[in-house]
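Residue strings, one per chain:
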Amino acid sequence: MSWHFLTLPVASGALWLLSVSPGFAACELFSEPQQFNTSTSDDVIVIGHQQNRRYHLVLPRADEASVREIQACVLDAFLTRSRAGEYLQIGSFDRRSEAETIRRILRRSGYRPRVVYNR
């Protein structure tokens, strides 16, 4: 994702304005973008594979457009690979029911994600 910052001088210092490049899709799945692969441990923010969360929502063989559309809604979704091939990890969850809820939302929009249990 490409972020642009614009600094404007104001009486109290500087005002930072943030804008996203216009070429990126807006989130149409949720009322606001989500993060399902991020956790906080003490003072550390962990983004990516969450070993303590056993249920993973994945989209196998995701095309570029699908990746872009889902990443507009799930900011920490990432491409990775396993022996089965490349896939988009949409989220990591403690409970299967949480993963299934997001899977149903994505299926209604035409995606075919899977819930995978990792031991």
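Here goes a summary of the coordinates provided.

About the criteria used
- Residues numbered from 1 in each chain as written.
- Predicted model: local features only at pLDDT ≥ 70, side-chain atom pairs only at ≥ 80, totals over all residues.
- Heavy atoms only, no water.
- Pairing = 2+ DSSP bridges.
- Helix = DSSP H or I, 4+ residues; strand = E, 2+ residues; numbered from the N terminus.
- Phe/Tyr/Trp six-rings, centres within 6.5 Å; stacked < 30°, edge-to-face > 60°.
- Buried < 20%, exposed > 50% of the residue type's maximum accessible area, 1.4 Å probe, protein only.
- Disulfide = S-S within 2.5 Å.
- Salt bridge = Lys/Arg side-chain N within 4 Å of Asp/Glu carboxyl O.

1. A look at the pairing of strand β6 (residues 78-82)
One ladder, built from 5 bridges, connects β6 with strand β7 (residues 85-93); its direction is antiparallel. Across the sheet, the residue bridging to T80 is Y87, located in β7. Where β6 folds back onto β7 in an antiparallel hairpin, the turn is made up of 2 residues.

2. Some points on the packing of aromatic side chains
Any pair of aromatic rings gets described here by the distance separating the centres and the angle formed by the planes. Across all of its chains, the model carries 3 aromatic pairs by this definition. Ring geometry for F36 versus F93: centroids 5.3 Å apart, planes at 45 degrees, classification tilted. Separated by 57 residues along the polypeptide, F36 in the loop between β2 (13-20) and β3 (38-41) and F93 in strand β7 bring together distant segments of the chain. By relative accessible area, F36 is classed as buried at 12%.

3. Overview of the state of the cysteines
Should the sulfur atoms of two cysteines be covalently bonded, the bond is a disulfide. Using the criterion set out here, one finds 1 disulfide in the structure. At a sulfur-sulfur separation of 2.4 Å, the disulfide partner of C27 is C73. Measuring handedness by torsion sign, the sulfur bridge of C27 and C73 sits at about 115 degrees and is right-handed. In this pair, C27 sits in the loop between β2 and β3 while C73 sits in helix α1 (residues 64-73), placing the two residues 46 residues apart along the sequence.

4. Focus on the pattern of salt bridges
Using the criterion set out here, one finds 5 salt bridges in the structure. A salt bridge links E86 to R81; its shortest N-O distance comes to 4.0 Å. Relative accessible area serves as the criterion here: at 39%, E86 is assigned to the partly exposed category. A residue is classified by how much of its surface remains accessible, and R81, at 57% relative accessible area, is exposed. Between E98 and R95 there is a salt bridge whose closest N-O contact spans 3.2 Å. On the accessibility criterion, E98 (27% relative accessible area) is partly exposed. One salt-bridge network, held together by shared partners, links R96, E100 and R103.

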